[in-house]
Amino acid sequence: MRDFLSIADLSADELVNLLERSAKIKADPQSVATALAGTAVAMLFEKPSTRTRTSFEVAVGQMAGIAVILTETDMQLGRGESLEDTGRVLSRYAEAIVLRTFGQDRLDRLAGAADAPVVSALSDLEHPCQAVGDLLTITERKGALAGLTLAYLGDGNNTCHALMLAGALSGMRIRVACPPGYEPDERVSALAAELAAAHGGAIEVTDDPAAGPAGADIVYTDVWASMGQESEATAREAVFPPFQVNAAAMALAAPDAIAMHCLPAHRGLEITDEVLDGPQSVVWDQAENRLHTEKAILLFALDR
Ligand code: CP
Ligand code: NVA
């Protein structure tokens, strides 16, 4: 069994296998209709979620498993029980644990104490399940991933980090355009650059908003202020507008470029209605694909 705390936990072959399996499951959901029969998955959310929570819960149910959704406020965790003890106990009831949390260290601590494999449903550092769903969406639209250019405009955040690592493993060119001071984490950038060099891809970071989307096959953005950064929202709204994904940005990309957003979107801030609702947008497929990829991720973690 395997923890899935970071895209960097995967080899390039394992990522390919996850994507191929996700596509097969999407084409034939019945093929995994009993794959989790009698298997419980505990899901602990310390931050809000619409897509991740629903897709995991439905994924477990559609594979005949038992999904247990937990939030900090209704657990003893919220009253001081340690994360480690919570992991030890949950491992006695559930075969896998999914955690959405703040620091990546909380995922590491839970995984260190729990006997059950732990899957990251997002931390401040990374959003690995999102990146797997995103690569499935890109594959559906563009075919092979290697050689594609993905421009990420906006905050060098958890979603960006996971995309950098997943794109690097897939031989893609990931170009991040962000305001100075909002670049991706240096360690993640260094690791992504290393992985990209090994797999024929490239990682670029620029503060030039026009250089970002130029000629790109995929233009991606995410919120300017992530969960936990609400107090910075106003300051961020002052510096991020040049990095908005709008019709002008899309016009710089390849004519057949697709526009992506992990959602939730703040319409009129990081992305305009015309792009989100326009013909190049694939955001609803992205959201749907979370369901299919969550199934493959759970089966990977459980070695089924
Ligand atoms: N994209 C994503 O993870 O959305 P949620 O926060 O709604 O889960
Ligand atoms: N970067 C966003 C992603 C939400 C799915 C956040 O962390 O809030």
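Please refer to the structure higher up on the page.
As the structure is a prediction and not an experimental result, all values here were calculated from the model.

What counts, and at which threshold
Residues numbered from 1 in each chain as written. Chains lettered and ligands numbered in written order. Predicted model: local features only at pLDDT ≥ 70, side-chain atom pairs only at ≥ 80, totals over all residues. Heavy atoms only, no water. Phe/Tyr/Trp six-rings, centres within 6.5 Å; stacked < 30°, edge-to-face > 60°. Helix = DSSP H or I, 4+ residues; strand = E, 2+ residues; numbered from the N terminus. Buried < 20%, exposed > 50% of the residue type's maximum accessible area, 1.4 Å probe, protein only. Lys NZ or Arg CZ within 6 Å of the ring centre and 35° of its normal. Polar contact = N/O pair within 3.5 Å; in protein donor to acceptor, adjacent residues only side chain to side chain. Contact = heavy atoms within 4.5 Å. 1 Å grid on protein atoms, 1.4 Å probe; cavity = no way out; pocket = protein on both sides within 12 Å on 5 of 7 lines; lining within 4 Å. Points joined across faces, edges and corners; volume = space filled by probe spheres on them. Nonpolar A, V, L, I, M, F, W, Y, C, P; charged D, E, K, R; others polar. Pairing = 2+ DSSP bridges. Axes fitted to C-alpha atoms, helices over the stretch in contact; angles between N-to-C directions. Near = heavy atom within 4 Å. Areas by Shrake-Rupley, 256 points an atom, 1.4 Å probe, with all protein chains shown as cover. Sits in = over half its atoms within 2 Å of the grid points. Right-handed = clockwise from strand over helix to strand, strands pointing away.

(A) Broad picture of the packing of aromatic side chains. Enumeration over the complete set of coordinates arrives at three aromatic pairs. For the pair tyrosine 182 and phenylalanine 240, a centre-to-centre distance of 4.8 Å together with 55 degrees between the ring planes defines the contact as tilted. Of the two residues, tyrosine 182 is situated in the loop between β6 (173-177) and α7 (186-199) and phenylalanine 240 in the loop between α8 (233-239) and α9 (247-252); the sequence distance between them amounts to 58 residues. Relative accessible area serves as the criterion here: at 0%, phenylalanine 240 is assigned to the buried category. Ring centres of tryptophan 224 and phenylalanine 240 lie 5.6 Å apart, and the angle between their planes is 15 degrees; on these two criteria the pair is classed as stacked. With tryptophan 224 in the loop between β8 (218-221) and α8 and phenylalanine 240 in the loop between α8 and α9, the pair connects residues that are 16 residues apart, well separated along the chain. You'll find tryptophan 224 and phenylalanine 240 in the same group, each marked buried. Across from the ring centre of phenylalanine 102, 4.7 Å away, lies the NZ or CZ of lysine 47, which sits over that ring.

(B) Inspection of the side chain of glutamate 270 at higher detail. Mapped onto the elements, glutamate 270 comes out in the loop between β9 (258-261) and α10 (273-276). A distance of 2.8 Å separates a polar side-chain atom of glutamate 270 from the backbone nitrogen of histidine 266. In contact with glutamate 270, other than residues within four places in its own chain, are Thr221, Asp222, Val223, Trp224, Gln244, Val245, His261, Pro264 and Ala265.

(C) Up close: the layout of surface pockets. If you add up the space inside the largest pocket, you get close to 370 Å³. Arg100, Val223, Met227, Leu263 and Pro264 are the residues nearest the centre of the largest pocket, which is lined by 23 residues in total. Within the residue set of the lining of the largest pocket, elements represented by two or more residues are α2 (51-62) and α6 (158-169). Here the lining of the largest pocket is composed, by residue class, of eight nonpolar, nine polar and six charged. Put simply, the second largest pocket is a space of about 240 Å³. Considering the residues around the second largest pocket, the lining is formed by 15 residues, among which Asp155, Gly156, Asn157, His161 and Gln229 are closest to the centre. By residue class, the composition of the lining of the second largest pocket is three nonpolar, seven polar and five charged.

(D) Broad picture of the sheet that holds β9. The strand order across the open sheet formed by five strands is β7-β6-β5-β8-β9, and the pairing between neighbours is parallel. With partners counted over all chains shown, the strands left at the sheet margins are β7 (202-206) and β9, one partner each. This sheet shows a mean twist of 20 degrees between the axes of neighbouring strands, independent of strand direction. One ladder, built from four bridges, connects β8 with β9; its direction is parallel. Looking at β9, one finds that valine 219 is bridged to alanine 259. Helix-sheet contacts for α6 involve β5 (149-153), β6, β7 and β8, and the interaxial angle to β6 is about 155 degrees.

(E) Structural detail: the site of ligand 1. Around ligand 1, the surrounding shell consists of Ser49, Thr50, Arg51, Thr52, Arg100, His127, Gln130, Cys262, Leu263 and Arg290. Within the contact set of ligand 1, an oxygen atom lies 2.7 Å away from a side-chain nitrogen or oxygen of threonine 52. Isolated, ligand 1 exposes 260 Å² of accessible area, and the fraction of that covered by the protein chains is 95%. The cavity where ligand 1 resides is the largest pocket.

(F) Molecular detail of the site of ligand 2. All residues adjacent to ligand 2 are Leu122, His127, Asn157, Asn158, Thr159, Asp222, Val223, Ser226, Met227 and Leu263. The separation between a nitrogen atom of ligand 2 and a polar side-chain atom of serine 226 is 2.7 Å. Here an oxygen atom of ligand 2 sits 2.8 Å away from a polar atom, N or O, in the main chain of methionine 227. For ligand 2, the cavity whose grid points lie within 2 Å of the majority of its atoms is the largest pocket. Its residues assigned to classes, the shell around ligand 2 shows four nonpolar, five polar and one charged.

(G) Fine view of the pairing of strand β3 (residues 96-100). When you tally the buried positions in β3, you get five out of five residues, the bulk of the element. Neither face of β3 is exposed, since Ala96, Val98 and Arg100 on one face and Ile97 and Leu99 on the opposite face are all buried. Pairing analysis gives five bridges linking strand β1 (residues 40-45) to β3, with the strands arranged parallel. Within β3, the residue paired with valine 41 across the bridge is alanine 96. Regarding the hand of the β-α-β motif, the stretch spanning β3, helix α4 (residues 104-113) and strand β4 (residues 118-120) is right-handed.

Any functional reading would require information that these geometric values do not contain.
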